[in-house]
Amino acid sequence: RIGRDLHDGAGQYLVMVKMYLESLKSGRPSIETVQEKLSDCIQLIEDAMGEIRTTSYELCPPMLEECGLASAIPWVLDGFMERSGIKTTCNIKGVDRLPRSVEVAIFRVLQECLANTRRHAGSSTVHIQLWQKSSTLSLKVRDRGKGIPQDILDAFSHESPGKLGVGLRSIKERMLQLGGDLKVASSRRGTAITASVPVGKPPARNE
C-alpha cells in the first residue's frame, strides 16, 4: 500500500517535474518560458512533499502515539473525508488506551479499509465503529459501494492468501498474529469488514 501511494502520489508529481526540466533542455526557451516552467516545478515539488508528509504521518501519526486509537481515528477520518470527498461517520464506545501492538494493528486495518473504499468501492459514505466489550476490541468499517468481487471473497473464505490483494492479506495476518480475526461481508449493497482482537483488561488510567 505504501509503494502504491508513493507511486500514485509523489511519484507522479516528480514525473511531471522531470518532464518540465527536460523540455528546457531542448531548443532555446525564452526567459519567460524558463521562469514559468521553474515555477511549475516548484509547485509540483511542494505538492510531492505534501504527499510524502501525509504518507509519513499515516505510517504512525503522532496522535496515535500520544493520545491513543480512540483519538486518532476521528483525526484520520477528517483527513480522509477532505481528500476523498467521501462522507464519514464514526461511533466509538468504551475504548481506553491499549497496548501499542493492538492500537497499531487496528489502525492499519482502518487505513487499508479506507484506501479500498476510496479506490474500489464507489461508495459516497463509510461508517466506522470501534468498541470494547469484555476482553475484545472490535473495529467495523462499512461502506455502501459495489462490493468485493466474488473471486476475492472466495479466496478469503477458503484461506487462499495467494489470490488476495496485498492489503487484505496483510490486515488478516495482523489479526491472526494477535490472536484475533477478520471477517468480511460483502454484496452489491456494500461491504462490511470487522476486525476483532483480544485485549484483556484495560490498564488503569494512572498507569
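Residues numbered from 1 in each chain as written. Predicted model: local features only at pLDDT ≥ 70, side-chain atom pairs only at ≥ 80, totals over all residues. Heavy atoms only, no water.

A look at a nonpolar patch on the surface
Here is step 1 of the chain: A cluster of nonpolar residues, Ile2, Leu6 and Ile52, forms a patch on the protein surface that exposes about 230 Å² of accessible area.
Here is step 2 of the chain: Tracing the chain through its elements places Ile52 in helix H3 (residues 31-59).
Here is step 3 of the chain: You can call Ile52 partly exposed: its relative accessible area is 42%. (Patch = residues over 30% accessible without salt bridge, like charges linked within 9 Å, V, L, I, M, F, W, Y side chains within 5 Å. Areas by Shrake-Rupley, 256 points an atom, 1.4 Å probe, with all protein chains shown as cover. Salt bridge = Lys/Arg side-chain N within 4 Å of Asp/Glu carboxyl O. Helix = DSSP H or I, 4+ residues; strand = E, 2+ residues; numbered from the N terminus. Buried < 20%, exposed > 50% of the residue type's maximum accessible area, 1.4 Å probe, protein only.)

Topic: the confidence of the model for the protein chain
Here is step 1 of the chain: Per-chain confidence: the protein chain averages 80 in pLDDT, with 84% of residues scoring 70 or above.
Here is step 2 of the chain: Segment residues 202-207: pLDDT under 50, and five contacts once partners within four positions in sequence are set aside and those in other chains are kept. (pLDDT = per-residue confidence, 0-100. Contact = heavy atoms within 4.5 Å.)

Here we look at the pairing of strand E5 (residues 190-198)
Here is step 1 of the chain: The buried count for E5 comes to eight of nine residues, which makes it a mostly enclosed element.
Here is step 2 of the chain: Here strand E3 (residues 136-143) pairs with E5 via seven bridges, running antiparallel. Among the inter-strand pairings, Lys140 is bridged to a residue of E5, identified as Thr194.
Here is step 3 of the chain: As paired elements, strand E4 (residues 181-187) and E5 share seven bridges and run antiparallel to each other. The residue of E5 that forms the bridge with Lys183 is Thr194.
Here is step 4 of the chain: Counting the residues in the hairpin turn of E4 and E5 gives two residues. (Pairing = 2+ DSSP bridges.)

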